[in-house]
Amino acid sequence: MSEDASYVPTAQLNVKPKTLLLITGGGLAAGTLIVLGAIMPAEYNLDPLGLGELSGLARLWAPEEKTWQPGAGMDPAHSSNIPSARTVVEIPLGASDWPEAALEYKFAMKPGQTLLYKWQALNEDGSPVTVPVEFDFHGHTLAKDGEEMTVANYYKSEALADEGALMAPFDGIHGWYFKNHAPDPIRIRLEVEGYYELVPPGQPGNEFRIQPLSGQPEDQALEENDGQ
Amino acid sequence: MDAGNSSTRTLWIAAAAIAAAILAPAAYAHAIGGKDAAFVAATVGPDPLPFMYLGAKHMVTGYDHLLFLLGVIFFLYRLKDVLLYVSLFSLGHSTTLLIGVLADINVSSFLVDAVIGVSVSYKAFENLGGFRRMGVSIDNRLAVGGFGLIHGFGLATKLQDLELNPNGLVENLLAFNVGVEIGQLIALSLILAVMTLWRTTRSFPRFAIAANALLFLAGVVLAGQQLAGFFIVGEG
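Residues numbered from 1 in each chain as written. Chains lettered and ligands numbered in written order. Predicted model: local features only at pLDDT ≥ 70, side-chain atom pairs only at ≥ 80, totals over all residues. Heavy atoms only, no water.

### Describing the overall build of chain B
Part 1 of the argument: Tallying secondary structure elements over chain B gives 10 helices and 0 strands in all.
Part 2 of the argument: Its helices and strands taken in sequence order, chain B reads α-α-α-α-α-α-α-α-α-α from the N to the C terminus.
Part 3 of the argument: Residues classed as buried in chain B amount to 54% of the 236 residues present.
Part 4 of the argument: Sequence-distant contacts in chain B: of pairs separated by 6 or more residues, those separated by 24 or more amount to 87%.
Part 5 of the argument: Here chain B displays about 10,400 Å² of accessible surface, and carbon together with sulfur accounts for 71% of that area. (Helix = DSSP H or I, 4+ residues; strand = E, 2+ residues; numbered from the N terminus. Buried < 20%, exposed > 50% of the residue type's maximum accessible area, 1.4 Å probe, protein only. Contact = heavy atoms within 4.5 Å. Areas by Shrake-Rupley, 256 points an atom, 1.4 Å probe, with all protein chains shown as cover.)

The following block contains the structure:
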């Protein structure tokens, strides 16, 4: 102990320089790896090394939520700057014990845009389902990094079918979470008509890459018949 | 072989505890949140006991403060030394906790928490004899007291985030500070008890290196996480 008198000595380890270098170098490298590879993807939605995507940690990230409250009156009438559309989608849901038993499908809508919706749960052979489907009808904004996400919960319940109308309260994606409780795979046949845009497959709101049926020959025929 | 097995177990327990501390909460430092935040925001006038509780809770669950304390007392064998260093640390963090809140000094909590992370690595490096190796001699008392000041700013920023009501501010602040010291005492007793037991094992010197290496890593992760928060989220 060669310290001077005013120095209060505390015991220390006597680590070889090589070990010390290994510990500090290794600590800095491993720490940086944990921050860049795990904490940044999971907490800040940034993935500089691509490890968050690879490990699935990136899926942990979610923006902070703010619940939208009805109240602020919206204009009852809206002139649309896009033509009305009609879409039929079939959303496949796996048997209740599969992970694919639940999924979400939404439409992109601006505030005031309205759509009429009508859905029915069908068995694979097209017959009506007898076990009610759990659903959560809601919408939310697409928040950028660091922004809060506004969420509007319209209603949730269990049903075999449902229909109604929605006027979007804010710019975002609006639609359904469906969960099948039957032991067999089913599909939700959803028909919408009004002012909205389809979410491209893979984008938020259509993560399950569902392609609409409309646009196919039989549906065009259906649309023409409706028009007459 | 027996001693080897039990010491391996000790190492794994120590490693698991430190790993849990690193990986558990992450993200937004270690803030006062949820119902506690709502309570603080709603409080008008002096309300010492709840604030004391919040101070103690903040310290006991504050893994960044606890890791630093662990590093500080790692090689303190005499109770006299433990008391000296812990008092220096308390003096430091009480000073800046009170001044920070009362003078309304605004520091980014990300930056303060990053320096707290650095303090953990600093102490581990010191325990490993790193500074002596480099021929640098820093008075340990100064370092612990100085980092105490930084830890106090960390406590202050967490309280400032909560928009304390000016009515009863001083009383509540003092109560919070007393709570912090009580929480520190509780946590310290536990750490000290475990350390004392651990030191009696023959394998202690060998695993002391590993434990301080993990402590160093934990400090790097804490600092990196807060720096990432500062640059990505900005003013926190």
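### Description of the nonpolar core
Residues and elements named next belong to chain B.
Part 1 of the argument: Of all hydrophobic cores here, the largest spans 58 residues; its most connected members are I73, F74, L97, V101, L159 and M195.
Part 2 of the argument: No other element matches helix 9 (residues 169-199), which puts 10 residues into this core.
Part 3 of the argument: The residues touching V101, leaving out its near neighbours within four places in the chain, are T96, A156, L159, Q160, L164, L169 and L173. (Core = buried A, V, L, I, M, F, W, Y, C linked by side-chain atoms within 4.5 Å.)

### Observations concerning the interface of chain B and chain A
Part 1 of the argument: On the chain A side, the residues contacting the 39 residues of chain B number 26 residues.
Part 2 of the argument: Both faces combined, the contact of chain B with chain A buries some 2,800 Å², and carbon together with sulfur accounts for 68% of it.
Part 3 of the argument: Across the chain B-chain A interface, the total number found is 1 residue pair in polar contact (both at pLDDT 80 or more).
Part 4 of the argument: When contributions to the side of chain B that touches chain A are tallied by element, the ones reaching two or more residues are helix 5 (79-102), helix 6 (109-127), helix 7 (130-133), helix 8 (140-160) and helix 10 (204-233) of chain B.
Part 5 of the argument: It is helix 10 of chain B that provides the largest number of residues to the side of chain B that touches chain A, a total of 15 residues.
Part 6 of the argument: When grouped by side-chain class, the residues that make up the side of chain B that touches chain A number 24 nonpolar, 9 polar and 6 charged. (Buried area = accessible area lost by both parts, 1.4 Å probe. Polar contact = N/O pair within 3.5 Å; in protein donor to acceptor, adjacent residues only side chain to side chain. Nonpolar A, V, L, I, M, F, W, Y, C, P; charged D, E, K, R; others polar.)

### Comments concerning the packing of aromatic side chains
All names here are of chain B.
Part 1 of the argument: All chains considered together, the criterion is met by 23 aromatic pairs over all chains.
Part 2 of the argument: With 4.8 Å between their ring centres and 40 degrees between their planes, Y122 and F131 make a pair best called tilted. Each member of the pair, Y122 together with F131, is buried.
Part 3 of the argument: It is R199 that lies over the ring of Y77; its NZ or CZ is 4.5 Å from the centre.
Part 4 of the argument: Positioned above the aromatic ring of F207 is the side chain of R206, whose terminal nitrogen or guanidinium carbon lies 5.0 Å from the ring centre. (Phe/Tyr/Trp six-rings, centres within 6.5 Å; stacked < 30°, edge-to-face > 60°. Lys NZ or Arg CZ within 6 Å of the ring centre and 35° of its normal.)

### A look at unusual backbone geometry
Part 1 of the argument: Although it is not a glycine, R209 of chain A adopts a positive phi angle of roughly 55 degrees.
Part 2 of the argument: For D104 of chain B, which is not a glycine, the phi torsion comes out positive at approximately 50 degrees.
Part 3 of the argument: The residue D104 of chain B is located in the loop between helix 5 and helix 6 in this model.

### Thoughts on the sheet that holds strand 7 (residues 161-167) of chain A
All names here are of chain A.
Part 1 of the argument: In space, the 4 strands of this open sheet follow the order 2-9-4-7, with antiparallel pairing throughout. The sheet terminates laterally at strand 2 (85-93) and strand 7, the two strands that pair on one side only. Averaged over all pairs of adjacent strands, the angle between strand axes in this sheet comes to 15 degrees, irrespective of strand direction.
Part 2 of the argument: Bridge analysis of strand 2 against strand 9 (residues 186-194) gives 9 bridges, and the strand direction is antiparallel. Its bridge partner lying in strand 9, A85 is registered against G194. (Pairing = 2+ DSSP bridges. Axes fitted to C-alpha atoms, helices over the stretch in contact; angles between N-to-C directions.)

### Considering the packing of helix 4 (residues 63-73) of chain B against helix 6 of chain B
All names here are of chain B.
Part 1 of the argument: Contact geometry for helix 4 and helix 6: axes closest at 9 Å, N-to-C directions at 20 degrees. The angle between helix 4 and helix 6 falls in the class roughly parallel. Seen from above, helix 4 lies across helix 6 with left-handed handedness. Of the residues in helix 6, those in contact with D64, H65, L67, F68, G71 and V72 of helix 4 are D113, I116, S119, V120, K123 and N127.
Part 2 of the argument: Taken together, the residues of the contact of helix 4 with helix 6 sort by class into 5 nonpolar, 4 polar and 3 charged. (Parallel < 35°, antiparallel > 145°, perpendicular 65-115°, else oblique. Left-handed = near helix turned anticlockwise from the far one by under 90°.)

### Concerning the sheet that holds strand 3 (residues 102-109) of chain A
Residues and elements named next belong to chain A.
Part 1 of the argument: A sheet is described by the order of its strands in space; here 6 strands give the open sequence 1-6-5-8-3-10, paired in mixed fashion. On the outer flanks of this sheet lie strand 1 (65-67) and strand 10 (197-198), each paired with one strand and no other.
Part 2 of the argument: With 3 bridges connecting them, strand 1 and strand 6 (residues 149-159) associate as parallel partners. Residue pairing for strand 6: T67 is matched across the bridge by V151.

### Considering the confidence of the model for chain A
Fine structural detail should not be taken from predicted coordinates in areas where pLDDT scores are low.
Residue and element names in this part refer to chain A.
Part 1 of the argument: With 86% of its residues at a pLDDT of at least 70, chain A reaches an overall mean of 83.
Part 2 of the argument: Note on residues 1-9: pLDDT is under 50 here. Beyond four places in sequence and across chains, it has 13 contacts.
Part 3 of the argument: Every residue in residues 215-228 is under pLDDT 50, and counting partners more than four places away or in other chains gives 8 contacts. (pLDDT = per-residue confidence, 0-100.)

### Let's talk about the pattern of salt bridges
Part 1 of the argument: Overall, the coordinates contain 11 salt bridges over all chains when judged by the stated rule.
Part 2 of the argument: Here R189 of chain A ties to E191 of chain A by a salt bridge, and the two come within 3.9 Å at their closest N and O atoms.
Part 3 of the argument: When its relative accessible area of 27% is taken as the criterion, E191 of chain A is described as partly exposed.
Part 4 of the argument: A salt bridge links R78 of chain B to D81 of chain B; the shortest N-O distance between them is 3.2 Å.
Part 5 of the argument: You can call R78 of chain B partly exposed: its relative accessible area is 47%.
Part 6 of the argument: A network of salt bridges, in which partner residues are shared, links R86, E90, R187, R189, E191 and E193 of chain A. (Salt bridge = Lys/Arg side-chain N within 4 Å of Asp/Glu carboxyl O.)

### Digging into the confidence of the model for chain B
All names here are of chain B.
Part 1 of the argument: The pLDDT averaged across chain B works out to 83; a share of 83% of its residues lies at or above 70.
Part 2 of the argument: The weakest mean pLDDT in chain B belongs to helix 1 (residues 2-23) at 56; the strongest belongs to helix 6 at 94.
Part 3 of the argument: Across residues 23-29, confidence stays below pLDDT 50; counting only partners more than four residues off in sequence or on other chains, it has 17 contacts.

### Here's the deal with a nonpolar patch on the surface
Part 1 of the argument: A cluster of nonpolar side chains, namely L46 of chain A together with L111, L227, F231, I232 and V233 of chain B, defines an oily patch on the protein surface of about 490 Å² accessible area.
Part 2 of the argument: Among the elements that take part in the nonpolar patch, helix 10 of chain B stands out by supplying 4 residues, more than any other.
Part 3 of the argument: You can call L227 of chain B partly exposed: its relative accessible area is 37%. (Patch = residues over 30% accessible without salt bridge, like charges linked within 9 Å, V, L, I, M, F, W, Y side chains within 5 Å.)

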